[in-house]
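# Descriptive structure summary
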Amino acid sequence: QVQLIESGGGLVQAGDSLRLSCVASGRTFSDYAMGWFRQAPEKERELVAAISGSGGSTYYADSVKGRFTISRDNAKNTVYLQMNSLKPEDTAVYYCAASPYGVTMGYNYWGQGTQVTVSA
């Protein structure tokens, strides 16, 4: 089992920045790819960014490329999502997830989510 706890969400204005953090416990953190997903009201959950266990490979959705950066600190069992130039359409609940398979598949451990609201 992997337990994930997110933090860092909040209410910001368009153009502002936020950094989300997710602390993992329970298994060897570097064995897992980590991803940040988001789900807006009445929309499907989407993968926003992901990073391999070593940190050497990353994935970004087209909608966030150039604005969001995912990183991880395996010594602290923590993954981060730096979000810059936020837009109202980034408003969603953001979830941290862990996958033993790869950066874009097999996410089977999830955090409880943190709300990000971007006002125009």
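This report concerns the structure included in the present document. Every value quoted in this text rests on a predicted model; they were computed, and no experiment measured them. Residue positions are counted from 1 within each chain, in the order its sequence is given. For this predicted model, a pLDDT threshold of at least 70 governs which residues receive local features, and a threshold of 80 or more governs which side-chain atom pairs are given and counted, while totals over whole chains, interfaces and linings are taken from all residues. Each side-chain value is derived from all of the structure's non-hydrogen atoms; neither hydrogens nor water enter the calculation.

### Regarding the overall build of the protein
Scanning the protein for helices and strands turns up zero helices and 11 strands. The atom set for the radius of gyration is the C-alpha atoms, and the globule formula is 2.2 Å times the number of residues raised to the power 0.38. Against the globule reference of 14 Å for 120 residues, the protein gives a C-alpha radius of gyration of 13 Å, in line with a compact fold. Dimensions of the protein, computed from C-alpha atoms along their principal axes, come out at roughly 40 × 25 × 25 Å. Each residue's exposure class comes from its accessible area (1.4 Å probe, protein chains only) as a fraction of the maximum for that residue type: buried when under 20%, exposed when over 50%, partly exposed otherwise. For the protein, the proportion of its 120 residues judged to be buried stands at 46%. By definition, residues are in contact when any of their heavy atoms lie within 4.5 Å. By sequence separation, contacts in the protein at least 24 residues apart represent 55% of the contacts at least 6 residues apart. Each accessible area value is a Shrake-Rupley result obtained with a 1.4 Å probe; residue values ignore everything except the protein chains displayed when judging cover. Only carbon and sulfur atoms are counted for the fraction: they give 47% of the accessible area of the protein, which is about 6,000 Å². Positive charge is attributed to Lys and Arg, negative charge to Asp and Glu, and no charge count is given to His or to the chain ends. In plain terms, the charge of a residue is placed at NZ if it is Lys, CZ if Arg, CG if Asp and CD if Glu. Averaging the positions of the 10 positive and the 10 negative side-chain charges in the protein gives two centres separated by 4 Å. Segments assigned H or I by DSSP are reported as helices when at least four residues long, segments assigned E as strands when at least two residues long, and all are numbered from the N terminus.

### With respect to the pairing of strand 4 (residues 33–39)
For strand 4, a buried count of six out of seven residues is recorded, marking the element as mostly surrounded by other parts of the structure. Strand pairing follows a simple DSSP-based rule, namely that at least 2 bridges must link the two strands. Looking at chain direction, strand 4 and strand 9 (residues 92–99) are connected through seven bridges and run antiparallel. Looking at strand 9, one finds that Met34 is bridged to Ala98. In the sheet, strand 4 pairs with strand 5 (residues 46–51) via five bridges, with the strands oriented antiparallel. What sits directly across from Phe37, in strand 5, is Leu47. Counted along the chain from strand 4 to the antiparallel partner strand 5, the turn is six residues long, and its residue Glu42 has a positive phi close to 65°.

### Some words on the packing of aromatic side chains
Here a pair means two rings of Phe, Tyr or Trp (six-membered ring of Trp) with centres within 6.5 Å. Their orientation is stacked below 30 degrees between planes, edge-to-face above 60, and tilted elsewhere. A full pass over the atoms with the stated rule returns three aromatic pairs. Centre to centre, the rings of Phe37 and Tyr107 are 5.1 Å apart; their planes meet at 80°, and the pair counts as edge-to-face. Of this pair, Phe37 sits in strand 4 while Tyr107 is found in the loop between strand 9 and strand 10 (109–110), placing the two residues 70 residues apart along the sequence. The residues Phe37 and Tyr107 share a single accessibility class, namely buried. An aromatic cluster of three or more residues is present, and its members are Phe37, Tyr107 and Trp110. Only Lys NZ and Arg CZ are tested; either one counts as a charge over a ring when it is within 6 Å of the ring centre and within 35 degrees of the ring normal. Over the face of the ring belonging to Tyr95 we find Arg45, whose NZ or CZ atom lies 4.0 Å from the ring centre. In this structure, Arg72 packs its charged tip against the face of Phe29, placed 4.3 Å from the ring centre.

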